[in-house]
Amino acid sequence: MRSGSPCALAFWLGTAELGDKPVREPPPRPDLWPPASAATFMDPKYIRNFSIIAHIDHGKSTLADRLLEVTGTVSLREMKEQLLDDMDLERQRGITIKANSVSMRVKHEGQEYELNLIDTPGHVDFQYEVSRSLTCCEGALLLVDAFQGVEAQTVANAYNAIEHDLEIVPVLNKIDLTHARPDEVKEEIEHTLGLDATEAIGCSAKTGLNCDQVIKAVIDRIPPPTGDPKAPLQAMVFDSVYDEFRGAIIFVRVMNGTVKKGARIKFLQAGTEHDVVELGQKTPKRTAKPSLSAGQVGYMVCNIKSLGQVHIGDTVTVARGEQAKALPGYEEPKRMVFCGLYPSDGQDFETLREALGKLQVNDPSFVFEPETSDALGFGFRCGFLGLLHMEIVQQRLEQEADIDLVQTAPNVTYKIQKKDGEWLEVHTPTRVPEMGEIEEFQQPIVRVSFVMPAEYVGGIMKLCADRRGIFVRQEYLSPTRVMLVYDIALAEVVYDLHDKLKSTTKGYGTMDYELRGYEPGDLVRMDILVKNERVDALSIVCDRRDADTRGRAVIKKLKQEIPRHMFEVALQAAIGTRIIARETISAMRKNVTAKCYGGDISRKRKLWEKQKEGKKRMKSIGQVDIPQKAFLAVLETGEEEGGVKSR
Amino acid sequence: MLPIHLQARKNLMPRAAYIHVPFCSHRCGYCNFALVAGRLDLVPSYFEALQREFHSQLVEPREVDTLYFGGGTPSQLGAEGLARLAELATHWHPLAEGFEWTVETNPADMDAAVAQALGAAGVNRLSLGSQSFRPAKLELLERDHRAEDIQRSVELARQQGMAVSLDLIFATPGETLQQWLDDLRLAIGLEPEHISVYGLTFEKGTTYWGRRERGELESAEDELERDMYLAAIEELAAAGFEHYEVSNFARPGHRSRHNEAYWRGDEYYAAGPGAARYVAGVRETNHRSTTTYLKRVLAGESPVDEREQLTDESRARERLVFALRRLEGLRREDFAAATGFTIDELAAEAIQRFVEWKLLDDDGQRIRLSREGLLVSDAMWPEML
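Criteria and thresholds
- Residues numbered from 1 in each chain as written.
- Chains lettered and ligands numbered in written order.
- Predicted model: local features only at pLDDT ≥ 70, side-chain atom pairs only at ≥ 80, totals over all residues.
- Heavy atoms only, no water.
- Helix = DSSP H or I, 4+ residues; strand = E, 2+ residues; numbered from the N terminus.
- Buried < 20%, exposed > 50% of the residue type's maximum accessible area, 1.4 Å probe, protein only.
- Areas by Shrake-Rupley, 256 points an atom, 1.4 Å probe, with all protein chains shown as cover.
- Pairing = 2+ DSSP bridges.
- Axes fitted to C-alpha atoms, helices over the stretch in contact; angles between N-to-C directions.
- Contact = heavy atoms within 4.5 Å.
- Buried area = accessible area lost by both parts, 1.4 Å probe.
- Salt bridge = Lys/Arg side-chain N within 4 Å of Asp/Glu carboxyl O.
- Polar contact = N/O pair within 3.5 Å; in protein donor to acceptor, adjacent residues only side chain to side chain.
- Nonpolar A, V, L, I, M, F, W, Y, C, P; charged D, E, K, R; others polar.
- Core = buried A, V, L, I, M, F, W, Y, C linked by side-chain atoms within 4.5 Å.
- Phe/Tyr/Trp six-rings, centres within 6.5 Å; stacked < 30°, edge-to-face > 60°.
- Lys NZ or Arg CZ within 6 Å of the ring centre and 35° of its normal.
- pLDDT = per-residue confidence, 0-100.
- Right-handed = clockwise from strand over helix to strand, strands pointing away.

**Q** How do you make sense of the overall build of chain B when you look at a structure like this?
**A** Across its full length, chain B carries 15 helices and 17 strands. Looking at chain B as a whole, 56% of its 385 residues are labelled buried. With the model as given, the accessible surface of chain B reaches about 15,700 Å², and the carbon-plus-sulfur share is 48%.

Structure follows, in structure tokens:
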């Protein structure tokens, strides 16, 4: 099959040619590794595939760095902090966004072992990617900060690993800190996760203390992969990254069989065939090898020009001869959160389209389609895996394309059944039909786990009750730390739950969530009218019982954000034709410069010219100028927290 | 830009000149003008610098119709200093027949000798920084004069045959409408030819700004300030003053011709620290620091700090806006003749909208601010620039 959408390809090659034309070759690589003496396949007995699961900031990347150093994979000289986090953004934020892998060779009791560390994203937005990565491992290091203890993400990720039948090796990091409390943390691990923590390894990823013990435990405690190197090729795609010169770099774990350079392979889900032009392992630089065999983890380069053609969770097999079966668990990426992105200046629409297209080449899990707003003009409705994903994409857009953007408040996908029986999936509040046409209005529900010091339990319970959460369970991780589990509408999570959690627990609480499914809700579409005109970009969907409070809060916020005009501006919140909140911005009463003589003329002219520029950046609805910030007014909760908003 | 002598031949030379006198006895809390307080020791260098600036800017004497000494406080120079400045200025700017020559003075400085010096030099218009007649308000404004000083200054000016203009400030912290009306009536009672009224503004960099930030001072409510302004318009109109610019009121035939040149978009010369000139389509402002100004000029360098050459269109737009601040508004015909642009090609859409909102009156020939438009006019200008 001919691959590549003309659009993406044209961007990538700068031409409009189609097909598997070889792409620009990078400089030759003399450093083939391992040496030519390597056998055609590696005995799975001597392979260990593992990942590190941890809460953010518990030291995952630092431990990974240290392991590379201890095994001599990277010399001290080459050491750069957090080698595995390739992307600048990951370094900046100290989080892992993409999965990654690195292969280490280590001698243990006279035998050489291949240890493949698969670094997984830690955030719930990338749950599916995480599950695919975990499928490629036989074990996991459960890394817990010896002071902070078990957190929500630790639990979520550990459960995930347990579900994947991984052997879990608890590791306590930062054991050298004075405030470390290893015994209590071990207790928390046993309580929460039902794991035996007696043999937990105490280490310091920062100083390297006991990191050799971690390596030893990987070899001794994590089982080797099973799989037959001689069986038909069956490999799992667990991630891909985009390289400007080589196109898609596909990360795979070979389950069965062997794949060699030059082989013709087939992606079973995508149904596409490609030639393997290069394969190898990351050490941590990409290092070409002649083949990868059962149990091994590595990368493949197949002249694929867009990541959109590489599906995480897909199965690789041979294009000719006996083919393997597809591995189970494949899913399409689920976009959970949507928002509108509009160029401030309508002229930038095409530039924005190009920039979004370029980003999508690197990140096919994000989608966009053109939409038109009366208020904001031409823009795009964009779908993301979650809130963090949305933030990442926006940040990249800002960094990589110099476009001033207006973002609408994020919303989730609703499922609506109309009276005529038709089901709709709605990503934009304005597309919600009139209430009279709706038979059933469903929204996504997530199961949220909160972990916090016991003293904040009451506050979080109240928060969840206010958000109409359904209590699932409460567990004491230790006498002072509690896990609370609630089922809550995803819309509430998107709205402000994380901010609220942080403010309620003074920053000590953590949370994680997973999608449970769709449930009917008592939902309504609330519209905002400015000077009697509906501002489509300000419409939201909310629970009927919250509508009055939300409506008042939004209107109040808008009143602050919209400057006085030379005429009166009425602000209203409405459900259908019923007005639920109203405010008026009274007309400007006095705005005139008294002194205006020789020296004032230039200064005043410049000031007024600047104001004119400022006006241009506002969006005009009717004759009302609305500043961009006002489009996020719908995030207002109407609750005061000591006067300071945590957002 | 044409050399000055060539422009002279084309009769495009400015007909107005402004001289900035930066000296003050102290800085008042609300003032952010270019000045130095308590540095009369700099006066000799100032004269030297002015002489040099005139020489390098003008090359040869340039006749003007209006001459204006502003500050700072020109009267800080005293009788002798004023006489010297007058001589220097009129050497470089000889006055044409029918000239207007204004000097700003602080009522506290005004004595018989100062009045005599000004009268003898030919000054025919005195602009008095009176601000208020109420002691508490004068104190709050950190002014060093009293109500009696204002009255004496007016009498002295009269003796020298000078027309008088009074400056008044309103909407000061805590001021009531009645207190403002009292100030207005006292001013009217002195029968000046001209009155300027200014709502107090808090400018960044003044002690007032900081005091307001700290909550020690409160600006007047918009609604009160509006009422005070409207009251001034009404009172002054009733007393026979014509409201001819946002802040300026004159008895018939006594408008400030010098200031009208600014608003009409005419060009003007200027000298002194922080002074702004508009010559041959170029707007320039001298450095605001008196010491920097002196250092630069005395070292033979240009004192210009900012310089801006306007395009024909921005010149026209600027003229449109500043001329509309005059109550008589702007005649389409005059504007087109002066700028080469028609008002409607520059701002038809905005004008139509403002007429609809009753902020502008348009009789087809002339557009002018309505009363309501006058009050919110700053919000209109961005749409016309």
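**Q** Just checking my understanding: could you explain the overall build of chain A for this structure?
**A** Broken down by element type, chain A carries 13 helices and 34 strands. Within the span of chain A, comprising 647 residues, buried residues form 57% of the whole. Of the roughly 27,300 Å² that chain A leaves accessible, carbon and sulfur atoms contribute 49%.

**Q** Hey, could you run me through the sheet that holds strand β8 (residues 194-199) of chain B in this one?
**A** Strand pairing in a sheet relies on backbone hydrogen bonds, with the paired strands running either antiparallel or parallel. All names here are of chain B. Taken together, the 9 strands give an open sheet; going across it, the order is β9-β10-β8-β7-β6-β5-β4-β1-β11, and neighbouring strands pair in mixed fashion. At either end of the open sheet lies a strand with only one pairing partner, and these are β9 (242-245) and β11 (269-271). Between one strand and the next, the sheet's axes are offset by a mean angle of 20 degrees, whatever the strand orientation. Inspection of the sheet shows strand β5 (residues 95-105) paired to strand β6 (residues 125-131) by 4 bridges, in the parallel sense. In the sheet register, Thr-102 faces β6, and the bridge partner there is Arg-125. Contacting β7 (163-170), β8, β9 and β10 (248-250), helix α9 (residues 222-238) runs over the sheet at an angle of about 170 degrees to β8.

**Q** Even after reading the chapter, I still don't get the sheet that holds strand β14 (residues 304-309) of chain B, so can you show me in this structure?
**A** All names here are of chain B. Strand order in the open sheet made by the 3 strands is β12-β13-β14, with antiparallel pairing throughout. If you trace the sheet from one side to the other, it starts and ends with β12 (276-279) and β14, each paired once. When the angles between neighbouring strand axes are averaged without regard to direction, this sheet yields 15 degrees. In this structure, strand β13 (residues 282-286) lies alongside β14, joined through 5 bridges in antiparallel fashion. Note that in β14 the partner of Glu-284 across the bridge is Arg-307.

**Q** Where do I start with the side chain of B:Glu318 in this structure?
**A** Locating B:Glu318 in the fold gives a position in helix α12 (residues 312-324). By relative accessible area, which is 2% here, B:Glu318 ends up buried. Residue contacts for B:Glu318: discarding those within four places in its chain leaves A:Ile601, A:Arg605, B:Tyr278, B:Arg283, B:Leu310 and B:Leu385.

**Q** Whenever I open this one, the interface of chain A and chain B confuses me. Can you help?
**A** How big an interface is tends to be reported as the loss of accessible area on association of its parts. Each partner contributes to the interface: chain A provides 26 residues, whereas chain B provides 41 residues. Counting each side, the surface lost to burial between chain A and chain B is near 3,200 Å², with a carbon and sulfur contribution of 58%. The interface formed by chain A and chain B holds 6 salt bridges in total. Between B:Glu306 and A:Lys606 there is a salt bridge, with the nearest N and O atoms lying 3.4 Å from each other. Our count for the chain A to chain B interface comes out at 19 residue pairs in polar contact (both at pLDDT 80 or more). Across the side of chain A that touches chain B, the residue classes tally to 9 nonpolar, 7 polar and 10 charged.

**Q** Any chance you could explain the nonpolar core here in plain terms?
**A** The nonpolar side chains of soluble globular proteins are, as a tendency, buried together. With 119 residues, the main nonpolar core has B:Ile19, B:Val197 and B:Met384 as its most contacted residues. Examining the composition of this core, we find that 7 residues originate from one element, helix α2 (residues 43-58) of chain B, more than from any other. Aside from chain neighbours lying at most four places away, what touches B:Ile19 is B:Tyr46, B:Leu50, B:Phe54, B:Leu67, B:Tyr68, B:Phe69, B:Gly70, B:Leu85, B:Ala89 and B:Ala271. With 50 residues, the next largest nonpolar core counts A:Phe384, A:Tyr414, A:Val426 and A:Tyr513 among its residues.

**Q** What is the right way to read the packing of aromatic side chains from this model?
**A** Each aromatic ring pair is described using two quantities: the centre-to-centre distance and the angle formed by the ring planes. Under the counting rule described, the total for this entry stands at 27 aromatic pairs over all chains. With a centroid separation of 4.6 Å and an interplanar angle of 75 degrees, the aromatic rings of B:Tyr262 and B:Tyr268 are classed as edge-to-face. For the residue pair B:Tyr262 and B:Tyr268, the accessibility class agrees, reading buried in each case. Every member of this aromatic cluster is reached through a ring pair, and the members are A:Phe349, A:Phe366, A:Phe368, A:Phe378, A:Phe380 and A:Phe384. Here A:Lys531 stacks its cationic end above the ring of A:Phe567, 4.7 Å away from the centre of that ring. Stacked on the ring of B:Tyr198, the Lys or Arg A:Lys595 has its end atom at 4.0 Å from the ring centre.

**Q** I would appreciate a short explanation of unusual backbone geometry in the present structure.
**A** Excluding glycine, residues mostly have negative phi values, and the peptide bonds linking residues are mostly trans. Cis geometry is found at the peptide bond from A:Thr283 to A:Pro284, where omega equals -5 degrees. Its location among the elements puts A:Pro284 in the loop between β12 (278-282) and β13 (286-288). Omega for the bond connecting B:Gly71 with B:Gly72 falls within 30 degrees of zero, at 20 degrees, which places this linkage in the cis form. Within the secondary structure, B:Gly72 sits in the loop between β4 (64-71) and α3 (78-92). Of note, A:Asp165 is a non-glycine position whose phi angle comes to about 60 degrees, a positive value. Residue placement: A:Asp165 occurs in the loop between α5 (152-163) and β5 (167-173). Taking relative accessible area as the criterion, A:Asp165 reaches 68% and is therefore assigned exposed. Positive phi, close to 65 degrees, is recorded for B:Lys358, a residue that is not glycine. Inspection of the secondary structure puts B:Lys358 in the loop between α14 (343-356) and β16 (360-362).

**Q** What should I look at first to understand the confidence of the model for chain B in this one?
**A** One rule of thumb: low pLDDT means the predicted coordinates there are not for detailed reading. Residues and elements named next belong to chain B. Looking at chain B as a whole, its pLDDT mean stands at 94, while 97% of the residues score no less than 70. Taken together, the stretch residues 1-10 has pLDDT below 50 and engages in 16 contacts with residues farther than four places along the chain or on a different chain. At the level of chain-chain contacts, confidence expressed as ipTM amounts to 0.90, with global pTM at 0.68.

**Q** Could you clarify how one ought to interpret the pairing of β5(B) in this entry?
**A** Side-chain positions along a regular strand alternate between the two faces of the sheet. All names here are of chain B. Of the strand pairs in this sheet, β4 and β5 are connected by 5 bridges, and their pairing is parallel. Within β5, the residue paired with Tyr-68 across the bridge is Thr-102. Running through α3, the crossover from β4 to the neighbouring parallel element β5 is right-handed.

**Q** I tried to follow helix α2 (residues 60-70) of chain A on my own but got confused; where do I start?
**A** All names here are of chain A. Counting buried positions along α2 yields 9 of 11 residues, so the element is predominantly enclosed. Turning to α2, its buried residues number three or more, namely Lys-60, Ser-61, Thr-62, Leu-63, Ala-64, Asp-65, Arg-66, Leu-67 and Leu-68. Its buried side turned inward, α2 meets β1 (47-54), β2 (100-108), β3 (111-119), β4 (139-145) and α7 (211-221). Of the residues flanking the end of α2, it is Gly-72, one or two places downstream, whose phi is positive at about 75 degrees.

**Q** So what exactly am I meant to see when it comes to the pattern of salt bridges here?
**A** Think of it this way: side chains of opposite charge can pair up when their charged atoms draw near. All names here are of chain A. Inspection of every chain in the model, using the stated rule, returns 76 salt bridges over all chains. Between Arg-353 and Glu-350 there is a salt bridge, with its nearest N and O atoms 3.4 Å apart. Residue Arg-353 and its partner Glu-350 are both found in helix α8 (residues 349-362); the two are separated by 3 residues, about one turn of the helix. Bridged by salt links that share partners, the residues Glu-151, Arg-181, Glu-184, Glu-188 and Arg-481 form one connected network.

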